[in-house]
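Fold and contact review
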Amino acid sequence: MGFARTCSVALVGVEGVVVEVQADLEPGVAAFTLVGLPDKSLTESRDRVRAAVVNSGAEWPQKKLTVGLSPASVPKAGSGFDLAVACAVLGAAERIDPHVLADIVMIGELGLDGRVRPVRGILPAVLAAADAGYEQVVVPECAAAEASLVPGVSVLGIRSLRQLIAVLTDEPVPDEEQHEHGRPDPLLAGLRLPGTGAATGMHSGMGAAQHDRGHDLADVVGQRSARTALEVAAAGGHHLFLQGPPGAGKTMLAERLPAVLPPLARQESLEVTAVHSVAGLLPPGKPLIDLAPYCAPHHSATMQALVGGGPGVARPGAVSLAHRGVLFLDETPEFSSHALDALRQPLEAGHVVIARSAGVVRFPAKFLMVLAANPCPCGRFSQRDTLCECPPSSIRRYQARLSGPLLDRVDLRVEVDPVTRAELAQRDARGESTQTVACRVRAARERATTRLADTPWRTNSEIPGRELRSRWHAVPGAMDEAERNLERGVLTARGLDRVLRVAWTVADLVGHDRPDASDVALALQLRTGVPRGVPMALGAPA
C-alpha cells in the first residue's frame, strides 16, 4: 500500500484555504475515486491527470486509487488542483519521494499533454499559503511573476509536469518547446476569464494608466465647480454626484479622476491585484496593479453584476473590481432601483458579503463612487431656460429614481452647466492639468495621513462621525451654519458628519490646520448645491 500527500489551495472569494491532497494506493481493481466535495471541473481532473501523467513519461498505477481533499467540509472548485493530484498519485506510486511533497503547495491545471496551465486567483492562493506557514510554492511558469509578489515564499515556475518530476527527483530538467515570439501563447489563456468584464465595464488592463493617455483635466473647458468637486473627491475619498444636460462633460470628468488619485500603496496594490486575479482580469504582462482601477458598468447591469454573486461560485462584481479606485455609474437613474439600493451597504462597510448555500463569501469594496445623471428624461431641464418639454410629474419621477438614503451617502453634489460658445472659443480656456491637480491632491493626502498616523484610517472619508466630532474639531463657530441646516432639516445627522469630513479635506487642500468658516461653507455648498458666497476654485482660476 502506498500513500503520499501534498497541498493546494481552495479559494473562497479572495480568501484561500490550504487543502491537503492525499493519495492512497491499495491492491484491487484499477479505479480512481476523488472525494472531498469537488465540483464538476475538479471531478473531471481524473481524466486530465491520468492523460498528463502517461504523456509525461510516467507509469500510471494499475491499482485502486483514492484521492482525498482535506478538509472535506470545504467546497473545492476549479482545475487548480490538477498539479497537486498528479504529484500525490506519483508520490503514492513511489515515482517521487513522498517526503519531498509534504511541505510544498502546488497550484496549476494540467493539459492532456502534461503542460501546466495557469488558473485564476494565483496571488490570493499564494498569500493563503504564506499565511499558513508554507515556504515553497509551485505554479505555472507564466504565473510565477504574480506569485513572486508575496514575500517570504520560494516560487518555482514550471511549464510541464515532466519538468516538475525532474526537479523533485533530482534528474536533468528537460527543455520544453517555447512558443514563437510574436505569436500568442495558448498557456496564457488561463489568466483571463472571457466575458467576466462585459457586464461590469472592466476589461483586462483597464486602469488609471489607460485613462491617463490622452485624457487630461486641461481638456475640460469651464466647469469650475465640477473640477473643484473632483479635486475634493480625490483628496478625501468622497463620493460625487454630477447632474447636468448631455454633453456638459460629466463623463469627461469621471474618466480623468483615476489619474488624479495617488498611486496605490503596496498593501493596496496586493488587495486590488488579488481581486482582479480571482475575476480573471489580471493582464499577463502586468502582475501587480499599482494604479487606481476604473470601472464603468452599463446601466443595464444587474444587481449581481454590481455587487457580485452569480450562479455557482460567487464572483466579484463592479464594486469589488473598483476596490481602491473609481466606480462610475453613468446615466444613474436608468439603473434598476434594486441594483442601486444594493450599493448602500458596501458604501458604508467597505466590503460586500454574499451568502450562498455553499457558504459566505466576502469581497473588498472600498471605492470612490461617481454618479452622473441628466436632470430629466430629455436632459434639457434647467432653471435658466425653457427648452425642456417634460411634464413636471415626469421630472419628479425621473429624479426620484435615486433614493434618498443613497444620495445621503454622497458627499458632493454638483450641477454641471452646459458649456457656452464663448467658453469654447476662448483660447485660454484650458484649466489646470491633471499633473498639477494630482500634486495638490497628493499633498492633501499626506497632511491627512500625518494627522491620522496613529489611527486605522488614512482618508477623511473613512473617519467615523463620533471620532470626528470628539477628536478633530473645527475652528470655534465654523460649524454654526451647518448646525442650523441640521435644525431646519436640510441636513441629516449623517449629512452633518459628512460636511465636517469634506471641510477637513478642503482644509488639507488649502493648507489650513483646522477647518474655518470658509472651508465649512464650501463643504456645505458642495453638499447641498446652495451657493454660500465662497469661491469654488482651489487652485489657479480655470
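The sections below set out a description of the structure shown in this document.

About the criteria used
Along each chain, numbering runs from 1 in the same order as the chain's sequence is written. For a predicted model such as this one, the threshold for reporting local features is a pLDDT of at least 70, and the threshold for listing and counting side-chain atom pairs is 80 or more; totals across whole chains, interfaces and linings nevertheless cover every residue. Side-chain metrics in this entry use all non-hydrogen atoms of the structure; hydrogen atoms and water are not considered. Each helix is a run of H or I in the DSSP string that is no shorter than four residues. Each strand is a run of E no shorter than two, and both are numbered from the N terminus. Exposure is judged per residue with a 1.4 Å probe applied to protein chains only, and the accessible area is read against the type maximum: over 50% gives exposed, under 20% gives buried, and values in between give partly exposed. Only heavy atoms enter the contact rule, under which two residues are in contact if any of them lie within 4.5 Å. Note on areas: Shrake-Rupley with a 1.4 Å probe; residue coverage comes only from the protein chains shown. Here an axis means a line fitted to C-alpha atoms, over the contact stretch when the element is a helix, while the angle between two N-to-C directions is reported on a 0 to 180 degree scale. In this scheme, roughly parallel covers angles under 35 degrees and roughly antiparallel covers those over 145, while 65 to 115 is roughly perpendicular and the rest are oblique. It is the rotation of the near helix from the far one that decides the hand of a crossing: anticlockwise by less than a right angle makes it left-handed, clockwise makes it right-handed. The nonpolar class holds Ala, Val, Leu, Ile, Met, Phe, Trp, Tyr, Cys and Pro. Asp, Glu, Lys and Arg form the charged class, and all remaining residues, Gly among them, are polar. Cavities and pockets are found on a 1 Å grid laid over the protein atoms alone: a cavity is a set of points where a 1.4 Å probe fits but cannot escape, a pocket is an open set with protein on both sides within 12 Å along at least five of seven lines, and a lining residue has an atom within 4 Å of such a point. Grid points are joined across faces, edges and corners, and a volume is the space filled by probe spheres set on the points.

Let's shift gears to the overall build of the chain. For the chain, the helix and strand inventory stands at 23 helices and 16 strands. Counting across all 542 residues of the chain, residues that qualify as buried make up 52%. Sequence separation of at least 24 residues holds for 72% of the intrachain contacts in the chain that already meet a minimum separation of 6. Summed over all atoms, the accessible surface of the chain reaches about 23900 Å², with 51% contributed by carbon and sulfur.

Two elements in contact, helix H21 (residues 480-487) and helix H22 (residues 493-510), have axes separated by 10 Å at closest approach and are oriented at 165 degrees. Classified by the angle between their axes, H21 and H22 sit roughly antiparallel to one another. Considering only the axes of H21 and H22, their crossing is right-handed. Touching Ala482, Glu483 and Leu486 of H21 are Ala493, Leu496 and Val499, all from H22. Grouping the constituent residues of the contact of H21 with H22 by class yields five nonpolar, no polar and one charged.

Roughly 950 Å³ of internal volume is contained in the second largest pocket. Lining the second largest pocket are 39 residues, with Arg324, Lys366, Thr459, Ser461 and Glu462 sitting closest to its centre. The set of elements that each furnish at least two residues to the lining of the second largest pocket consists of helix H15 (344-349), helix H19 (434-451) and H22. A class-by-class count of the residues in the lining of the second largest pocket yields 16 nonpolar, nine polar and 14 charged.

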